[in-house]
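What follows is the residue order along each chain.
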Amino acid sequence: MTAATAIGPTEEVLHDTVQDLAAVVVYPQKRVLNEVLKEAFPTATAVHFTAALLPYLKESAAGDAKRHLYVHLRKGIFDLFLFQGSQLLLHNSFEQKKKRRFFHCFYNFHN
């Protein structure tokens with residue numbers, strides 16, 4: 001976990017660097033969660049799921065010049081990762097309250 005920047009009384013902004021892609025994942029986190037994690041696991045390092053997932057996706061797409069679209073589904077949200085070879089072209093998260101929105105976004109990114 002990297003140094004945090006406060007964005008209010010209850011949240012802070014954290015960032016994780018993904019060296020393989022020269023990318024930085026920036027995300028908000030509840031301050032109390034970080035405090036509990038540091039107290040319970042003082043030597044542990046927390047990493048955002050995106051920062052942990054990107055190297056595996058890059059490895060999966062590497063060696064192939066075609067575009068590869070990966071979808072990570074979460075409750076109410078999905079993430080799209082678009083790679084060409086080992087280069088990350090796009091990553092974005094979308095709310096998915098309706099299946100139709102998911103298929104609309106997926107179709108537009110895939111074509």
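To keep things clear, this report deals only with the structure shown in the data block.

As for the pattern of salt bridges
Side chains that differ in charge, positive against negative, can pair when their charged atoms come close.
Phase 1: Considering all chains together, one arrives at three salt bridges under this definition.
Phase 2: Of the charged contacts in the structure, one is a salt bridge between E11 and K30, with a shortest N-O distance of 3.9 Å. In this pair, E11 is assigned in strand 2 (residues 11-18) and K30 in strand 3 (residues 23-30), connecting sequence segments 19 residues apart.
Phase 3: The class for K30 is partly exposed, based on a relative accessible area of 44%.

Remarks on the nonpolar core
Phase 1: Formed by 13 residues in total, the largest nonpolar core has its most connected members in V18, L21, V25, L54, Y70, F81 and F83.
Phase 2: Mapped onto this core, the elements with two or more residues apiece are strand 2, strand 3, helix 2 (49-61) and strand 5 (77-84).
Phase 3: Ranked by residue count, the leading element in this core is helix 2, at four residues.
Phase 4: Excluding its chain neighbours within four sequence positions, the residues that come into contact with F83 are L21, L54, L57, K58, A61, K66, R67, H68, Y70, L88 and L89.

Rules used in this analysis
- The residue numbers shown here count from 1 along each chain, following its written sequence.
- A pLDDT threshold of at least 70 governs which residues receive local features in this predicted model, and a stricter bar of 80 or more applies before side-chain atom pairs are shown or counted, although totals over entire chains, interfaces and linings include all residues.
- Each side-chain value is derived from all of the structure's non-hydrogen atoms; neither hydrogens nor water enter the calculation.
- Salt bridges are defined as contacts in which a side-chain nitrogen from Lys or Arg sits within 4 Å of a carboxyl oxygen from Asp or Glu.
- Each helix corresponds to a stretch of at least 4 residues labelled H or I by DSSP, and each strand to a stretch of at least 2 residues labelled E; elements are numbered beginning at the N terminus.
- The rule is simple: take the accessible area with a 1.4 Å probe, protein chains only, and divide by the maximum for that residue type; under 20% is buried, over 50% is exposed, in between is partly exposed.
- Throughout, nonpolar core names a set of buried Ala, Val, Leu, Ile, Met, Phe, Trp, Tyr and Cys residues whose side chains join them through atoms within 4.5 Å.
- Any two residues whose heavy atoms approach within 4.5 Å at even a single point are treated as in contact.

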